[in-house]
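# Survey of secondary and tertiary structure
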Amino acid sequence: MRKLIIASVATLALAGVAACGESSADKAAETQADALEAQAAATPNEAEEKALNEKADMIEQQAGNADGGMTTSNTPNTSPSTEGAMAPAPAPAQ
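Residues numbered from 1 in each chain as written. Predicted model: local features only at pLDDT ≥ 70, side-chain atom pairs only at ≥ 80, totals over all residues. Heavy atoms only, no water.

## Quick notes on the overall build of the protein
- Of regular secondary structure, the protein possesses three helices and zero strands.
- Sequence-ordered secondary structure for the protein, helices as α and strands as β, is α-α-α.
- The proportion of buried residues among the 94 residues of the protein is 19%.
- Long-range pairs, those at least 24 residues apart, make up 32% of the contacts in the protein with a sequence separation of at least 6.
- Of the roughly 6,900 Å² of accessible surface on the protein, 62% is carried by carbon and sulfur atoms. (Helix = DSSP H or I, 4+ residues; strand = E, 2+ residues; numbered from the N terminus. Buried < 20%, exposed > 50% of the residue type's maximum accessible area, 1.4 Å probe, protein only. Contact = heavy atoms within 4.5 Å. Areas by Shrake-Rupley, 256 points an atom, 1.4 Å probe, with all protein chains shown as cover.)

Have a look at this one:
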């Protein structure tokens, strides 16, 4: 029980920190990406699921890149179709 409370408090603290730097454009992109991911999870077609998840990842990446890429350089590819593959890190800006 104690561990559950600590984990809950830590999760809320991290959510609060993450929300501080989130713009309305980021929130809109996240909402759109979440809708695509839900649609992907509901489809029985593997190819369609993969395409929808890739589109959702692209939307999230583009929204993150609006802030100079500070939030996307270490973002994993969360598509269940790629079996844990990680998205490549972008090259550093020069």
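## Digging into helix H2 (residues 24-42)
- Over its 19 residues, H2 runs 27 Å from end to end, which matches the ideal 27 Å to within 8%, given 1.5 Å per residue.
- Among the residues making up H2, those that are buried are Asp 26, Ala 29, Ala 33, Leu 36 and Ala 40. The buried residues of H2 occupy one face: seen down the axis, they fall within an arc of 95 degrees. For H2, the exposed residues lying more than 90 degrees away from the buried face are Ser 24, Thr 31, Ala 41 and Ala 42. (Expected span 1.5 Å × (residues − 1). Arc of directions from axis to C-beta.)

## Examining the environment of Thr 31
- By the element assignment, Thr 31 lies in helix H2.
- In sequence terms Thr 31 and Ala 56 are 25 residues apart; their C-alpha atoms lie 9.8 Å from each other.

## Describing the side chain of Thr 43
- Relative to the assigned elements, Thr 43 resides in the loop between H2 and helix H3 (46-65).
- The buried category is assigned to Thr 43, whose relative accessible area is 13%.
- The residues contacting Thr 43, other than those within four sequence positions of it, are Glu 48 and Glu 49.

## Structural notes on the environment of Lys 27
- Within the fold, Lys 27 resides in helix H2.
- Note on Lys 27: relative accessible area 45%, which makes it partly exposed.
- Along the primary structure Lys 27 and Glu 60 are separated by 33 residues, whereas in three dimensions their C-alpha atoms are 9.8 Å apart.

## Focus: the nonpolar core
- Counting eight residues, the largest nonpolar core is built from Ala 29, Ala 33, Leu 36, Ala 40, Leu 52, Ala 56, Ile 59 and Ala 63.
- Apart from residues lying up to four places away in sequence, Ala 40 is in contact with Glu 49, Leu 52 and Asn 53. (Core = buried A, V, L, I, M, F, W, Y, C linked by side-chain atoms within 4.5 Å.)

## A few points about the confidence of the model for the protein
- In the predicted model, the protein carries a mean pLDDT of 73, and the fraction of residues at 70 or more is 53%.
- Here helix H1 (residues 2-20) stands out as the element of the protein with the lowest mean pLDDT, 62, in contrast to H2, whose mean of 89 is the highest. (pLDDT = per-residue confidence, 0-100.)

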